[in-house]
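Observations on the three-dimensional arrangement
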Amino acid sequence: MGRIEYSPEISDLLGRVRRRPIAGWPWRPGEPVPAGLPVKQSWGWLFAPDGRVLTLVNPKDGIVSLPGGSLEPEDDGDPGAALAREAGEEAQARIGLPLYLGYLYDRVGSANGGHECARVRMAAALLGVGPSVPDPASGRHYRRLLVAPGLAVELLGWGVPGLRQARAAVAVATRHLGVPAVADETIEELPPGGCVLSVKG
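Residues numbered from 1 in each chain as written. Predicted model: local features only at pLDDT ≥ 70, side-chain atom pairs only at ≥ 80, totals over all residues. Heavy atoms only, no water.

1. Overview of the packing of aromatic side chains
What counts is decided by this rule: In summary, the pairing rule links any two rings of Phe, Tyr or Trp, Trp by its six-membered ring, whose centres are within 6.5 Å, and it sorts them by plane angle into stacked for under 30 degrees, edge-to-face for over 60 and tilted for everything else. Secondary structure elements follow DSSP: runs of H or I of four or more residues count as helices, runs of E of two or more count as strands, with numbering from the N terminus. Whether a residue is buried, partly exposed or exposed follows from its accessible area with a 1.4 Å probe, protein chains only, as a fraction of its type maximum: under 20%, in between, or over 50%, in that order.
Evaluated as defined, the whole model comprises one aromatic pair. When the ring of Trp45 is compared with that of Trp158, the centres are 6.2 Å apart and the planes differ by 80°; the resulting orientation is edge-to-face. Taken together, the positions of Trp45 in strand β2 (residues 39-47) and Trp158 in the loop between α3 (149-156) and α4 (159-176) put the pair 113 residues apart, joining distant regions of the chain. You can call Trp158 partly exposed: its relative accessible area is 23%.

Printed below as a string of structure tokens:
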């Protein structure tokens, strides 16, 4: 692996990264969500053309996340619609058609009032981002970084289960989105004014 390159500003930001505790939700790659198990969240591996993925950093608390969140009534139960909406709200991201990867089984149901639920994971092409603005739901103003999928797992603090999830995402993105199997290792912050990344959909 080559040397990872990034700017002093990104070095400062990454120096403040704080990881959430690993939840331990079992990863069900490629399995459809069982009938009767409610889908409460949808999060996405959003791939730039060079194989890097979009990660969001909250500069106030250092927490890193993938774009995504809870399904809302306007999503009509569609995890892909929820991902597209959340990516737009959190990162001002425009994405291609989301592809289903699998789900995490949340037996404790912290996203469902204490009842078991599914947290879906998807992959999609990252087409571009608009000017950076705070998330209307939380008021958080995320920094938007492109990083290699393996580094995303490290920043997220997801360990071996997260690495399995990243590999599933890369496999789907390589096959269906045309991205390289080995991503560019440069860490890049997307410009506050926005940019276009891809013409793929």
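2. Observations regarding the environment of Gly88
For Gly88, the position within the fold is in helix α2 (residues 79-91). By relative accessible area, which is 28% here, Gly88 ends up partly exposed. Measuring from C-alpha to C-alpha, the distance between Gly88 and Gly130 comes to 8.6 Å, with 42 residues separating the pair along the chain.

3. Quick notes on α2
The following threshold applies: How far a helix is expected to stretch is found by multiplying one less than its residue total by 1.5 Å. Working rule for contacts: check all heavy atoms of both residues, and any pair within 4.5 Å makes them a contact. Polar contact is the term for a pair of N or O atoms within 3.5 Å; when the atoms are in protein, one must be able to donate a hydrogen and the other to accept it, and sequence-neighboring residues count only if both atoms are side-chain atoms.
With 13 residues, α2 extends 17 Å from end C-alpha to end C-alpha; this agrees with the ideal 18 Å at 1.5 Å per step. For α2, the set of buried residues is Pro79, Gly80, Ala82, Leu83, Arg85, Glu86, Ala87, Glu90 and Ala91. Contacts from the buried residues of α2 go to β2, β3 (53-57), β5 (68-70), β6 (93-95), β8 (117-129) and β9 (143-147). Between the side-chain oxygen at the start of α2 and the backbone nitrogen of Gly80 there is a gap of 2.9 Å, and the oxygen is on Asp78.

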